[in-house]
Amino acid sequence: MGMKYSSNPHFHTIGRSTESPIDFVVTDTISGSQNSDETQITQSTISRFACRIVCDRNAPYTARIFAAGFDSSKNIFLGEKAAKWKNPDGHMDGLTTNGVLVMHPKGGFTEESKPGVWREISVCGDVYTLRETRSAQQRGKLVENETNILQDGSLIDLCGATLLWRTADGLFHTPTQKHIEALRQEINAARPQCPVGLNTLAFPSINRKDVVEEKQPWAYLSCGHVHGYHNWGHRSDIEANERECPMCRTVGPYVPLWLGCEAGFYVDAGPPTYAFTPCGHVCSEKSAKYWSQIPLPHGTHAFHASCPFCAAQLTGEHNCVKLIFQGPID
């Protein structure tokens, strides 16, 4: 595209390519609801040179995002089908084939945050409304009063993977891994019990996040009642995971609960009291409610909320449920 970069490397390039100009290699995110052994990605939709993030070296260390990246010959790389045009002032601009979308949440990344509007970023860093579909030739409308400056909690979608941008200051106010471990120990110390089997339940340690353990809490996701594992309550042979809660007779999915262990996804330091549906990842109420209302791009023109911990598409009335634990009877 006739654009070269200087040898002052204050930017980071992100993309699918493993060539040397790429600082962060990104692969497609497979939803946690699918078995990764069976899910073969035939063709990635992430660009080889997807985007650049340029950071100022001096305070306030402003970070700006630009679509596309420089290849090994130091030229901006765009696919043949990518939209390109000449602006009135004569400089060229363009979009990657499937687009680099950005959403800045209203209110940053805090308990009060609300979803913002998804926009598309051009090669030169201008902001556009979304195209009709991800790879349409016709670009959206230029949004004059918005910028490509990333803020704490900005989401970057590369059509196949969504990245969360966190600032150093934002992470300073985020709960640490130690804090999440302390919350896990605290909830286990309260000795929650299965209201039916009366056995004590315990969240497994963070590094045991793939194997369902004997004491692991399970929950009915339609009502939130927490139990230990049991094998009754099936409502039909067809719907394997439609189970009837013995406490309130509500029918719905019955799944093991997992403590969400990525601290950067938490908007507050509250106790783990809510579970995403249908995956069963558990986090604080405000974090669960925040992610359950964020529409993440899916495919070429759909949007839906996803669990930040496993990318499973969220379902149910509110995409998450308040958990109802029973304390020890003694």
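The shown structure was predicted, so the numbers you read here are calculated from the model rather than taken from an experiment. (Residues numbered from 1 in each chain as written. Predicted model: local features only at pLDDT ≥ 70, side-chain atom pairs only at ≥ 80, totals over all residues. Heavy atoms only, no water.)

(A) Layout of the pattern of salt bridges. For the structure on display, the rule yields nine salt bridges. Glu 111 is paired through a salt bridge with Lys 286; the nearest N and O atoms lie 2.8 Å apart. A residue pair is termed long-range when its members are at least 10 positions apart, and Glu 111 in the loop between strand 9 (101-103) and strand 10 (119-121) and Lys 286 in helix 3 (residues 285-292) qualify at 175 residues. Assessed through its relative accessible area of 38%, Glu 111 is described here as partly exposed. What makes Lys 286 partly exposed here is its relative accessible area of 39%. Across the salt bridge formed by Arg 119 and Glu 146, the nearest N and O atoms sit 2.9 Å from each other. Taken together, the residues span a long stretch of sequence, with Arg 119 in strand 10 and Glu 146 in the loop between strand 11 (127-128) and strand 12 (155-157) at a distance of 27 residues. (Salt bridge = Lys/Arg side-chain N within 4 Å of Asp/Glu carboxyl O. Helix = DSSP H or I, 4+ residues; strand = E, 2+ residues; numbered from the N terminus. Buried < 20%, exposed > 50% of the residue type's maximum accessible area, 1.4 Å probe, protein only.)

(B) Examining the state of the cysteines more closely. All told, the structure shown has zero disulfides when counted by the stated rule. With no disulfide of its own, Cys 245 has Cys 223 as its nearest cysteine by sulfur position, at a separation of 3.8 Å. Cys 307 supplies the cysteine sulfur nearest to Cys 310, a cysteine that is in no disulfide, at a spacing of 3.8 Å. Cys 310 sits in the buried class, given a relative accessible area of 16%. (Disulfide = S-S within 2.5 Å.)

(C) Up close: the packing of aromatic side chains. Overall, the coordinates contain 14 aromatic pairs when judged by the stated rule. For the ring pair Tyr 290 and Trp 291, a centre distance of 5.4 Å and an interplane angle of 80° mean the geometry is edge-to-face. Note on Tyr 290: relative accessible area 2%, which makes it buried. An aromatic cluster is defined as three or more aromatic residues linked by ring pairs; in this entry it consists of Phe 109, Phe 265, Tyr 266, Phe 276, Tyr 290, Trp 291 and Phe 309. Against the face of Trp 85 rests Arg 139, its NZ or CZ located 4.2 Å from the ring centre. (Phe/Tyr/Trp six-rings, centres within 6.5 Å; stacked < 30°, edge-to-face > 60°. Lys NZ or Arg CZ within 6 Å of the ring centre and 35° of its normal.)

(D) Examining the sheet that holds strand 3 (residues 51-55) more closely. Judged by pairing direction, the sheet is mixed, and its four strands sit side by side in the order 2-1-3-4 without closing on themselves. Each edge of the open sheet carries a strand with a single partner, namely strand 2 (24-25) and strand 4 (63-67). Direction of pairing for strand 3 relative to strand 4: antiparallel, over a ladder of five bridges. Its bridge partner being in strand 4, Cys 51 is matched across the sheet by Ala 67. (Pairing = 2+ DSSP bridges.)

(E) Seen up close, the layout of surface pockets. Reported here for the largest pocket is a volume of approximately 1200 Å³. If you trace the largest pocket, you find 49 residues lining it, with Asp 28, Thr 45, Cys 159, Gly 160 and Ala 161 closest to the centre. Of all the elements in the fold, those that place two or more residues in the lining of the largest pocket are strand 12, strand 13 (162-164) and strand 22 (296-298). (1 Å grid on protein atoms, 1.4 Å probe; cavity = no way out; pocket = protein on both sides within 12 Å on 5 of 7 lines; lining within 4 Å. Points joined across faces, edges and corners; volume = space filled by probe spheres on them.)

(F) Quick peek at the confidence of the model for the protein. Within the protein, residue pLDDT values average 86, and 89% of them lie at 70 or more. Here residues 1-9 is a poorly scored stretch, pLDDT under 50, and it has 21 contacts once near neighbours within four places are set aside; other chains count. (pLDDT = per-residue confidence, 0-100. Contact = heavy atoms within 4.5 Å.)

(G) Spatial organisation of the side chain of Thr 62. The residue Thr 62 is located in the loop between strand 3 and strand 4 in this model. Taking the relative accessible area as the measure of exposure, Thr 62 reaches 16% and is therefore buried. Residues within four places of Thr 62 in sequence aside, it is in contact with Val 54, Cys 55, Asp 56 and Ile 149.

(H) Region of interest: the sheet that holds strand 12. Strand order in this open sheet of five strands is 11-10-9-12-13, and the pairing throughout is antiparallel. The open sheet has two edge strands, strand 11 and strand 13, and neither has a second partner. In terms of strand pairing, strand 9 meets strand 12 through three bridges, oriented antiparallel. Looking at strand 12, one finds that Val 102 is bridged to Ile 156.

(I) Geometry of unusual backbone geometry. Ala 59 connects to Pro 60 through a cis peptide bond whose omega is 5°. Position of Pro 60 relative to the elements: it lies in the loop between strand 3 and strand 4. Of note, the phi angle at Arg 249 is positive, near 65°, even though the residue is not glycine. The phi angle at Ala 311 is positive, at roughly 70°, despite the residue not being glycine.

(J) The arrangement of helix 2 (residues 177-189) in detail. Here helix 2 spans 18 Å end to end across 13 residues, near enough to the 18 Å set by a 1.5 Å rise per residue. All of the buried residues in helix 2 are Ile 180, Leu 183, Arg 184, Ile 187 and Asn 188. The arc enclosing the buried residues of helix 2, seen along the axis, measures out at 130°, which places them on a common side. Along helix 2, the residues that are exposed and aim more than 90 degrees away from the buried face are Lys 178, Glu 186 and Ala 189. Residues of helix 2 that are buried make contact with strand 19 (258-259) and strand 20 (272-276). (Expected span 1.5 Å × (residues − 1). Arc of directions from axis to C-beta.)

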